[in-house]
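Close look at the chain arrangement
One-letter residues, chain by chain:
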Amino acid sequence: MTIQARLFATLREGRGKVIAAELEEGATVADLAARLAISHKDIAILLVGGRDAAMDKILTDGDIVSVFPPVGGG
Amino acid sequence: MYGYNGKILRVNLTARTVKVEALDETKARKYIGGRGFGTKMMMDEVDPSVDALSPANKLMIVTGPLTGTATPTGGRYMAVTKSPLTGTIASSNSGGYFGAELKFAGWDAIILEGKASAPVYLNIIDDKVEILDAAPLWGKVLSATTDALEQAHGGKARILAIGPAGERLSLLASIMNDRWRAAGRSGVGAVMGSKNLKAIVVKGSGKVAIANDDALKAAFAVCMTKIKENGVTGTGLPAYGTAVLVNIINENGAFPTNNFQESVFGKAEEISGEALAEKYLKKKDPCYRCPIACGRYCEVDDIKGGGPEYETIWAFGSDCGVSSLKDVIKANYWCNEYGLDTISAGATLAAAMELYQRGLVKKADFGDGPELTFGNADAIVEWTKRMGKAEGFGAKLALGSYRLCDSYGVPELSMSVKKQEMPAYDPRGIVGQGLSYATSNRGGCHVRGYMISPEILGLPEKLDRLDTAGKPLWTKIFQDFTAAIDSVGLCLFTSFAMGADDYAALYNAVCGTSITGAEFITSGERIWNLEKQYNLAAGIGSNQDTLPPRLLKEPIPEGPSKGLVHPLDKVLPEYYSLRGWDAKGIPTKAKLAELGVD
């Protein structure tokens, strides 16, 4: 299945902004992070389809996963 | 006294007299300083029903006990007055260097009363205070005003001033300091303009007395470690400033677009913090003693200066449907030059665009100016200038979105609370932030209780942004905590990393007191209740604790928050109950007595 990973801020360095990742059926967000070589400690905000998600969430084909390092402000 | 200088400067502009008064220590301890102490002085001295732009209103420039001390971000001041925009108490916060310099000059606060018969400015060198002719400065933008005053009084002077917008009594006028730092909101600049006061120049040679230097060093070290190790204050804000929120809020489907008609902006990437850092950022521009340094300094074409912040990028960007970051930076620049609140200015243009979209505003209304259509980048720059000058249709814009929409018979199209424009988070997708907007004592505002922190950023812990459970309590605690931070003289951004005990430790070391973190938050609750009392006396009832009908009735049309409206009726009653207020949102006598609000 194809997952669209959207990376932001420092996570783009060496990876790019938007990545189409081919993963096995049943793969989780953690599998996607491993594929992209993103350490869990560098992930502060994680959204699947714009909603909060956990690392063990099982992905489905076409999911959009947005990943942010610790950033923010106001 | 420690922390406080013990001295207040009272300036009567009508009589052109200055007076030195002793700080009421008991009152200061009870309401801390800044926002709290300023509100208390307003309550004691200014009838809440006063016309905000009349000489009977007063403008208070108030520091906190930690302003000008060796604490992280200890340079803030508050402009406290009755707001001409909302009719509520106003307290607008600013950083830069002016607040600390005022403390070095020996003052805790300046009370400005009356109205000068012609434009004047104040020149303060320690305890020497002069009221000088400002006729040559009147009409000048911020850079020209600051240049002229620096030339007259030396480059080391710290300068606070209004621009042409404040002079022309725009209800969106800010008070600026250090060129592009802004006490931005609630029209405080118009109050200064109504007094014919153009600027305050200050130079100080003293320092703030500290009760316990060793304890301060220890508390400082603890706080600095927390700020440096926190991902937001230690890494995210220094690298990207606040603009990094563009993508975060857009990905959550809560990024108001086209005057809150939509909540996802397809071109968010083009106006993002990442794009800003890549294309236009020249350097960081930190405030006094700030280890975070979120301030940006950008250059575009022949324009250079501070900002833009996230809220500004949203207001002139997605809220106006504009994807040209270059033109957003220009609009921000002109706001700083004319002394306009970037949030309300951009949001008012967005409201005008919807009025035009609906055929209520006609093309002829724009005169020779560009059409205010969503996405028109030239229009945001040109109309910001005309708003600053109150020229043509710009004079209507200068009164804010509520009065603009009301003049066309559709006040509900103003995306405001208590007539002040809401910032850059769609409450339909973020429940606690919506409650915080609705109940804010100064109208639509994100920094009266920044629920984005737990609901989006996960600080201090992650809450589901769509849950209603627990949100009233979180909102109340954030509001109270913020009121205390706003009063002590530190930047709210420290609260991403620091807890109540940390603020109490800094306060105790500086002032020689022994308050607890819990007492610090209770002081904030006391301030919140005092503000509410002022508003009620001013005729701003709790029936105004609400959101625009669009946000309560029209579901978000697309994106991750599709289908949502704000469930205010499900959270407001519990909020009032947790506050110890009655079902109509009025503080009970018992609650006021418990807090000692008098």
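Residues numbered from 1 in each chain as written. Chains lettered and ligands numbered in written order. Predicted model: local features only at pLDDT ≥ 70, side-chain atom pairs only at ≥ 80, totals over all residues. Heavy atoms only, no water.

Attention now goes to the overall build of chain A. Per the secondary structure count, chain A includes one helix and five strands. Along chain A, from the amino end to the carboxyl end, the secondary structure elements read β-β-α-β-β-β. Radius of gyration (C-alpha) of chain A: 11 Å, near the 11 Å computed for a compact globule of 74 residues. Along the three orthogonal principal directions, the C-alpha set of chain A runs to about 35 × 25 × 20 Å. In chain A, which comprises 74 residues, the proportion classed as buried is 47%. Nonlocal contacts in chain A, meaning residues at least 24 apart in sequence, comprise 53% of its contacts between residues at least 6 apart. Of the accessible surface of chain A, which amounts to about 3,400 Å², a share of 51% is contributed by carbon and sulfur atoms. Across chain A, the 8 positively charged side chains and the 10 negatively charged ones have centroids separated by 9 Å. (Helix = DSSP H or I, 4+ residues; strand = E, 2+ residues; numbered from the N terminus. Rg over C-alpha atoms; globule rule 2.2 N^0.38 Å. Buried < 20%, exposed > 50% of the residue type's maximum accessible area, 1.4 Å probe, protein only. Contact = heavy atoms within 4.5 Å. Areas by Shrake-Rupley, 256 points an atom, 1.4 Å probe, with all protein chains shown as cover. Lys, Arg positive; Asp, Glu negative; His and termini not counted. Charge placed at Lys NZ, Arg CZ, Asp CG, Glu CD.)

It is worth spelling out empty space enclosed by the protein at this point. All names here are of chain B. Tallying each qualifying case throughout the model produces three cavities of 30 Å³ or more. Approximately 910 Å³ is the volume attributed to the largest cavity. Sorting elements by how many residues they give to the lining of the largest cavity places strand β5 (residues 89–94) first, with four residues. When grouped by side-chain class, the residues that make up the lining of the largest cavity number 15 nonpolar, 18 polar and 11 charged. (1 Å grid on protein atoms, 1.4 Å probe; cavity = no way out; pocket = protein on both sides within 12 Å on 5 of 7 lines; lining within 4 Å. Points joined across faces, edges and corners; volume = space filled by probe spheres on them. Nonpolar A, V, L, I, M, F, W, Y, C, P; charged D, E, K, R; others polar.)

Turning to the domain arrangement of chain B, a few remarks are in order. Note: interface size is frequently given as the accessible area lost on complex formation between the parts. All names here are of chain B. When the domains of chain B are assigned, the result is domain 1 (7–203), domain 2 (240–421) and domain 3 (427–595). Residue-level contacts link 29 residues of domain 2 with 34 residues of domain 3. Taken together, both faces of the contact between domain 2 and domain 3 bury some 2,100 Å²; the carbon and sulfur share is 62%. Contact with domain 3 buries area across many residues of domain 2, yet Asn252, Val417 and Lys418 alone supply 29% of it, more than any other trio. Counting every contact that joins domain 2 to domain 3 gives two salt bridges. Between lysine 418 and aspartate 545 there is a salt bridge; the shortest N-O distance is 2.9 Å. At the surface where domain 2 touches domain 3, the tally comes to 13 residue pairs in polar contact (both at pLDDT 80 or more). Contributions of two or more residues to the side of domain 2 that touches domain 3 are made by α9 (245–251), α13 (342–357), β16 (416–417) and β17 (420–421). The element contributing the most residues to the side of domain 2 that touches domain 3 is α9, with four residues. Split into classes, the residues belonging to the side of domain 2 that touches domain 3 amount to 12 nonpolar, nine polar and eight charged. (Domains from an automatic or database assignment. Buried area = accessible area lost by both parts, 1.4 Å probe. Salt bridge = Lys/Arg side-chain N within 4 Å of Asp/Glu carboxyl O. Polar contact = N/O pair within 3.5 Å; in protein donor to acceptor, adjacent residues only side chain to side chain.)

Next up on the list: the pairing of strand β8 (residues 128–133) of chain B. Residues and elements named next belong to chain B. The sheet contact formed by strand β7 (residues 120–125) and β8 spans six bridges and is antiparallel. Each bridged residue has a counterpart across the sheet, and for tyrosine 121 the counterpart in β8 is leucine 132. In this structure, the hairpin formed by β7 and β8 is closed by a connection of two residues, where aspartate 126 is found at a positive phi of approximately 50°. (Pairing = 2+ DSSP bridges.)

Attention now goes to the nonpolar core. Residues and elements named next belong to chain B. Core analysis: the largest hydrophobic core is formed by 151 residues, its most contacted members being Ile249, Leu372, Ile380 and Phe393. Per element, the largest residue contribution to this core is 10 residues, and it comes from α13. By size, the runner-up hydrophobic cluster in this structure holds 29 residues, among which are Leu59, Ile61, Val188 and Ile200. (Core = buried A, V, L, I, M, F, W, Y, C linked by side-chain atoms within 4.5 Å.)

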